[in-house]
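So you can see what is in the structure, the chains are spelled out below.
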Amino acid sequence: MKTYVVKFGGNAIRGKEDLMRLSGEVAELIRNDVKIILVHGGGPEISAEMEKRGLEPKKVAGLRITDESTLKVAEEVLSDLNKNVVESLTESSVSAVGMPAHMCTLCKKKEPYKATENGKVVTVDLGLVGEVTDIDGDTLLDLLHSGITPVVYPIGKDKKGNLLNINADTMAAGIAAGIDCEELIMITDVPGILMDVKDPSSKVDKITSKQIDKLIADGTISGGMIPKVDACRDALKAGVGTVRMVNGKDPNSILTDVIKNVPHGTIITM
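This section reports on the structure supplied with the text. (Residues numbered from 1 in each chain as written. Predicted model: local features only at pLDDT ≥ 70, side-chain atom pairs only at ≥ 80, totals over all residues. Heavy atoms only, no water.)

What follows is about the overall build of the protein. Secondary structure summary: the protein contains 8 helices and 16 strands in total. Once the C-alpha set of the protein is aligned to its principal axes, its extents read approximately 45 × 40 × 35 Å. For the protein, the residues scored as buried account for 51% of the 270 residues in total. Partitioning the intrachain contacts of the protein with sequence separation of at least 6 by distance along the chain shows that 73% fall at a separation of at least 24. As presented, the protein carries roughly 12600 Å² of accessible surface, and 47% of it is formed by carbon and sulfur atoms. The protein carries 33 positive and 39 negative side-chain charges, and their two centres are separated by 3 Å. (Helix = DSSP H or I, 4+ residues; strand = E, 2+ residues; numbered from the N terminus. Buried < 20%, exposed > 50% of the residue type's maximum accessible area, 1.4 Å probe, protein only. Contact = heavy atoms within 4.5 Å. Areas by Shrake-Rupley, 256 points an atom, 1.4 Å probe, with all protein chains shown as cover. Lys, Arg positive; Asp, Glu negative; His and termini not counted. Charge placed at Lys NZ, Arg CZ, Asp CG, Glu CD.)

As C-alpha cells, then:
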C-alpha cells in the first residue's frame, strides 16, 4: 500500500472549483491503489474572519500569533472548511472522514524560539500554538485500510486537554513522520522553491536541507516560505524520505504527476 500525506491550504486550494479539482485527482489515485491522508490549513480564511470580528491578525516569521480569541476563530473556521473538503471528496466518490488533529495526535505548546525574519534573528513567542509530540498512527492507518480517506485540520490538544492552534505544515510533517509514507506532498501557491520569487522559471527541481539553510540565511527564502521549508526539514529529520512542494494552481496536475514519477515541483531531501 503506497501512502502519501498531502497538505494544502487556502492560498493554494480555495473555493469549490479548486476543491473539486483536487478531489478528482485524489479519487483517481485511490482507484490506482494509492492511499492519501489529507491535512489542510485555512490561513487566509482565518484572517478574513478575524477582521470581520474586529480582531487584528498578527504574524511573525511567517507564523500566526494565537491568543484565545484567535484560537476560537481558527477552530470554527477550520471545522467549517473541513466539512467542505469532505463534501467535495464525497461528490468525487471518495469515502472520507474529517477530524481535528487531536483525534490522532498529541501536542504541546511551542516554547519561545529564535527565528529569522527579514534577515534578522528574532525571539518568537506564538502564544497558544503547539507542535506535534506523538502520532496515533493506528487510527489513521485503520481508516485507510477500511477504504476511508482521513481529512485532518490542525487543532490539537496537550496532555491536559488544552486546545492549541498548529501550523498546518507542522501538523502534516508530524503525521508524515509518524506513519510509513512514500512522500509528504506540500501543495503551495508557487511552483516550488524559487531562486527568484518573481520568476517561476527559477524553480529548483531538487534541494537538500543544508542548501535550504543557506537560502534562508541570504534571504532568498523568506516570510511564509520559511515555516514551510522548516516543516519539510522536520519531516526529513523524523524519518520521512522525501518531501515535495507542488503548485496547487497548476491546471494540468496537482498530484497525479507526482505519483507517475513525472518531474513536478521541488523535491527536498536531507
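Right, let's get into the environment of K237. By the element assignment, K237 lies in helix α7 (residues 225-237). Exposure remark for K237: the relative accessible area of 61% places this residue in the exposed category. Sequence separation between K237 and T208 is 29 residues; the distance between their C-alpha atoms is 12 Å.

Right, let's talk about the nonpolar core for a bit. Ranked by internal contacts, the top residues of the largest apolar core, which has 41 residues, are V5, I175, L184, I193, I221, V243 and I268. Elements with a minimum of two residues in this core: β2 (34-40), α4 (137-145), α5 (168-178), β13 (183-188), α6 (209-217), α7 and β15 (243-247). If one sorts the elements of this core by residue count, α7 sits on top with 7 residues. Ignoring sequence-local partners within four residues, the contact set of L184 consists of V5, A172, A173, A176, A235, V240, T242, V243 and R244. (Core = buried A, V, L, I, M, F, W, Y, C linked by side-chain atoms within 4.5 Å.)

A few words now on the environment of K108. Note that K108 resides in strand β6 (residues 105-109). Sequence separation between K108 and K160 is 52 residues, and the spatial gap between their C-alpha atoms is 9.6 Å. When sequence neighbours within four positions are dropped, the list of residues in contact with K108 reads V129, G130, E131, T133, D158 and L164.

Moving on, we get to the pattern of salt bridges. Taken as a whole and assessed by the stated rule, the structure comprises 16 salt bridges. Between K108 and E131 there is a salt bridge whose closest N-O contact spans 4.0 Å. Residue K108 is located in strand β6, and its partner E131 is located in strand β9 (residues 130-135); the two are separated by 23 residues in the primary sequence. Because the salt bridges share partners, they merge into one network encompassing E49, R53, K72 and E76. (Salt bridge = Lys/Arg side-chain N within 4 Å of Asp/Glu carboxyl O.)

Another aspect to go through is helix α1 (residues 15-31). With 17 residues, α1 extends 25 Å from end C-alpha to end C-alpha; this agrees with the ideal 24 Å at 1.5 Å per step. D18, L19, L22, S23, E25, V26, A27 and L29 are the residues of α1 that are buried. Where α1 is buried, its residues touch β1 (2-8), β2, α3 (68-91), β13 and α8 (256-259). Positive phi shows up at D33, right after α1, with a value of about 65°. (Expected span 1.5 Å × (residues − 1).)

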